[in-house]
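# Structural features, examined
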Amino acid sequence: MARPAQAHIDLDAILANYRAAKVCAPQARAMAIIKANAYGHGAVAVAHALAEQADAFGVACIEEALELRAAGIKQPICLLEGFFSAEEIPLMLQHQLIPAIHHAAQLALLAQYLPLCTQKTQLKVWLKLDSGMHRLGFAPEDIANAYQDLTALPVQVLGLMTHFARADELTCPYTQTQWQLTQQWAQSLNLALCCANSPATLAWPSTHADWIRPGIMLYGATPIPEAQTPVQLRAGMRLISQLISVRDLAAGEGVGYGQTFVTSQPSRIGVVAMGYADGYPRHAPSGTPVYLEKLGACVPLIGRVSMDMLAVDLSTYAQAQVGDTVELWGPHLPINQVAEAAQSIAYELLTKVTARVPRYYHY
Ligand SMILES: *Cc1c(COP(=O)(O)O)cnc(C)c1O
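Residues numbered from 1 in each chain as written. Predicted model: local features only at pLDDT ≥ 70, side-chain atom pairs only at ≥ 80, totals over all residues. Heavy atoms only, no water.

### Looking at the sheet that holds strand E8 (residues 193-196)
Whether parallel or antiparallel, the strands of a sheet pair through hydrogen bonds between backbone atoms. Rules: Whether two strands pair comes down to DSSP finding at least two bridges between them. Put simply, DSSP marks the helices as runs of H or I at least four residues long and the strands as runs of E at least two long, and each gets a number from the N terminus on. Residue contacts are counted whenever heavy atoms from the two residues lie within 4.5 Å of one another. Axis definition: a line fitted to C-alpha atoms, over the contacting stretch in the case of helices. Angles run 0 to 180 degrees between N-to-C directions.
With respect to topology, eight strands assemble into a closed barrel ordered E2-E3-E4-E5-E6-E7-E8-E9, the strand pairing being parallel. One ladder, built from two bridges, connects E8 with strand E9 (residues 211-212); its direction is parallel. Each bridged residue has a counterpart across the sheet, and for alanine 196 the counterpart in E9 is isoleucine 212. Across the sheet, helix H5 (residues 88-95) is in contact with strand E4 (77-79), strand E5 (97-101) and strand E6 (123-128); its angle to E5 comes to roughly 130°.

Right, dumping it as structure tokens:
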């Protein structure tokens, strides 16, 4: 018998979500963002599932890219944080990886070390503009010089990249401000343009440009939970477990560490094999929904989430039995509902599912 905490990954749903991103931006190519182990879904499995369709993949760093190359992934792979040290330069050439060049320190390393490389391939790069996120990228006043420096090197500049800070805020004008600035620079440098993350893919069609970079939407979580999405998204992960204990308690009994939940009436309590060591958010409060498959509805979490277990109130469901399947998030319970209850975001919940939870892949 295995512990019943499992993450079921629906690769068909992820592929459908990729296609949905392309439906949103029919003129654009799409770089499928599969950094951080494809947001916890398994980067190699997701890359194989998307390989036929994806125009390119985006990861955070070379370690993530080399894992994909070792697994036989042939598509272009962009390193969204670029590279960090000179040793990566020959590896990027050897494995045809495409760094985002976002800082003068990278230009200096390229100028110094590229001429020493013996690989026959040419390095392709994206040039990153800081249009207002103020995280990575050249400031607008430096971007033309950075481009000049790149053109003096044996590299091919694929285009200009920028990242939106507030594209998930539908009434915030800042996305438009960032877009206009970026578009002007792309025009004046005559470069292709890659801006739109998932929220911009879904909600800011004017920013789709030549390439989009969808991430979270591939995994079926909308980054704008309060709005209707223009396309249907399907949950990429179904996080499940089982009731491993069912017990009846009298009124006035505390449940779990700190006894933060006290029964107000005689209650039936279920214990689920899922805790914060599996990645379930420890701060999910009493009342956070947990879906019971046989009931076809949610019951409330009660008390503190502990390392390996959490408790639910089964008072509305007298037939509950040990072994009943529980969905923590997935097709029946949107992860955004859990994230909101736990004051987190789907991105964090998905990337925090730990290695203890086995992934099962469905095609
Ligand atoms: C993570 C990331 C994305 C994808 O963002 P989502 O909101 O998940 O779609 C796109 N671009 C960059 C630079 C990123 O770091």
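### Regarding the domain arrangement of the chain
As a reminder of what qualifies: The domain limits used here are those given by an automatic or database domain assignment. The term buried area refers to how much accessible surface (probe radius 1.4 Å) is lost by two components on association, counted for both of them together. When a carboxyl oxygen of Asp or Glu lies within 4 Å of a side-chain nitrogen of Lys or Arg, that pair is called a salt bridge. Polar contact criterion, stated in full: a pair of N or O atoms within 3.5 Å, where within protein one must be able to donate a hydrogen and the other to accept it, and residues adjacent in sequence count only if both atoms are side-chain atoms. For this classification, Asp, Glu, Lys and Arg are treated as charged, while Ala, Val, Leu, Ile, Met, Phe, Trp, Tyr, Cys and Pro are nonpolar and the rest, including Gly, are polar.
Partitioning the chain into structural domains gives domain 1 (11-219) and domain 2 (237-362). Centre-to-centre, using C-alpha coordinates, domain 1 lies 37 Å away from domain 2. Each partner contributes residues to the interface: domain 1 has 11 residues there, and domain 2 has eight residues. Taken over both partners, the interface formed by domain 1 and domain 2 buries close to 840 Å², and the fraction arising from carbon and sulfur atoms is 64%. Joining domain 1 to domain 2, the criterion identifies zero salt bridges. Counting every contact that joins domain 1 to domain 2 gives three residue pairs in polar contact (both at pLDDT 80 or more). Listing elements by their share of the side of domain 1 that touches domain 2, those giving two or more residues are helix H1 (11-24) and helix H2 (35-39). Counted by class, the side of domain 1 that touches domain 2 contains seven nonpolar, three polar and one charged residues.

### Describing the site of the ligand
Note the following rule: Any residue with a heavy atom positioned within 4 Å of a molecule or strand is treated as near that molecule or strand. Working definition of accessibility: Shrake-Rupley area with a 1.4 Å probe, residue cover restricted to the visible protein chains.
Close contacts around the ligand come from 14 residues, with Lys35, Tyr39, Ser198, Ile216 and Tyr347 the closest. The separation between an oxygen atom of the ligand and a polar side-chain atom of lysine 35 is 2.6 Å. Between a nitrogen atom of the ligand and a side-chain N or O atom of histidine 163, the distance comes to 3.4 Å. Starting from 390 Å² of accessible surface for the ligand in isolation, the protein chains cover 92%. Only H2 and helix H9 (198-203) provide two or more residues apiece to the shell around the ligand.

### Looking at the nonpolar core
Defined as follows: For the purposes of this section, nonpolar cores are sets of buried Ala, Val, Leu, Ile, Met, Phe, Trp, Tyr and Cys residues that join through side-chain atoms within 4.5 Å. Remark: exposure states derive from per-residue accessible area (1.4 Å probe, protein chains only) relative to the maximum for the residue type, with buried under 20%, exposed over 50%, and partly exposed in between.
By size, the foremost hydrophobic cluster in this structure holds 116 residues, and its most contacted members are Tyr280 and Trp329. When we break this core down by domain, the ones giving at least three residues each are domain 1 (11-219) and domain 2 (237-362). When near neighbours in sequence (up to four residues on either side) are disregarded, tryptophan 329 contacts Met237, Arg238, Leu239, Gly279, Tyr280, Pro281, Ile335, Val338, Leu349, Leu350 and Val353.

### A few points about helix H8 (residues 174-189)
Rules: For a helix, the expected span equals 1.5 Å multiplied by the number of residues minus one. What the arc covers is the set of directions going from the helix axis to the C-beta atoms.
For H8, with 16 residues, the first-to-last C-alpha span of 23 Å sits near the 22 Å given by 1.5 Å per residue. Among the residues of H8, those classed as buried are Thr175, Gln178, Trp179, Thr182, Ala186 and Leu189. Buried residues of H8 fall within an arc of 105° about the axis and therefore sit on the same side. Projecting away from the buried face of H8 at angles above 90 degrees are the exposed residues Gln184, Gln187 and Ser188. Those residues of H8 that are buried lie in contact with helix H7 (140-151), strand E7 (155-161) and E8.

### Brief notes about the UniProt feature "domain: Alanine racemase C-terminal" (unreviewed entry) in the chain
Defined as follows: UniProt positions are given in the numbering used here, feature names are shortened, and annotations may be inferred rather than shown by experiment.
The positions that UniProt labels "domain: Alanine racemase C-terminal" (unreviewed entry) are, in the present scheme, residues 236-362. Secondary structure across residues 236-362 comprises 10% helix and 36% strand; the distance between its end C-alpha atoms is 10 Å.

### Let's talk about the pairing of E5
Rules: Handedness of a crossover: with both strands directed away from the viewer, a clockwise path from the first strand across the helix to the second marks it as right-handed.
Here E5 lies mainly inside the structure; five of its five residues are buried. Because side chains alternate across E5, one face comprises the buried residues Leu97, Pro99 and Ile101, and the other comprises Ile98 and Ala100, equally buried. Examined bridge by bridge, E4 and E5 share three bridges and lie parallel to one another. Looking at E5, one finds that isoleucine 77 is bridged to leucine 97. In this view, the connection linking E4 to its parallel neighbour E5 by way of H5 has right-handed handedness. Two elements, E5 and E6, share two bridges in a ladder whose sense is parallel. Following the sheet pairing, isoleucine 101 is matched in E6 by leucine 127. Once you follow E5 into helix H6 (residues 104-113) and on to E6, the crossover reads as right-handed.

### Looking at the packing of aromatic side chains
The geometry of an aromatic ring pair is captured by two quantities: the separation of the ring centres and the angle between the planes. As a reminder, the rule being used: Any two of the Phe, Tyr and Trp rings considered here, Trp counted by its six-membered ring, make a pair once their centres fall within 6.5 Å; the pair's planes then place it as stacked at under 30 degrees, edge-to-face at over 60, or tilted in between.
Going through the model one piece at a time under the given rule, you end up with four aromatic pairs. Ring geometry for tyrosine 39 and tyrosine 347: centres 6.1 Å apart, planes at 35°, overall tilted. Here the residue tyrosine 39 occupies a position in helix H2, and tyrosine 347 occupies one in helix H11 (residues 346-351), the gap between them amounting to 308 residues. On the basis of relative accessibility, which here comes to 6%, the residue tyrosine 39 falls in the buried class. Look at tyrosine 280 and tryptophan 329: their rings are 6.2 Å apart centre to centre, the planes differ by 15°, and that puts the pair in the stacked class. With tyrosine 280 in the loop between strand E13 (267-272) and strand E14 (289-292) and tryptophan 329 in strand E17 (residues 325-329), the pair connects residues that are 49 residues apart, well separated along the chain. Each member of the pair, tyrosine 280 as well as tryptophan 329, is classed as buried.

### A look at the environment of tyrosine 347
Judged by relative accessible area, which is 31%, tyrosine 347 ranks as partly exposed. Along the primary structure tyrosine 347 and tyrosine 39 are separated by 308 residues, whereas in three dimensions their C-alpha atoms are 6.9 Å apart. What tyrosine 347 contacts, discounting residues up to four positions off in sequence, is Tyr39, Pro199, Ile216 and Pro223.

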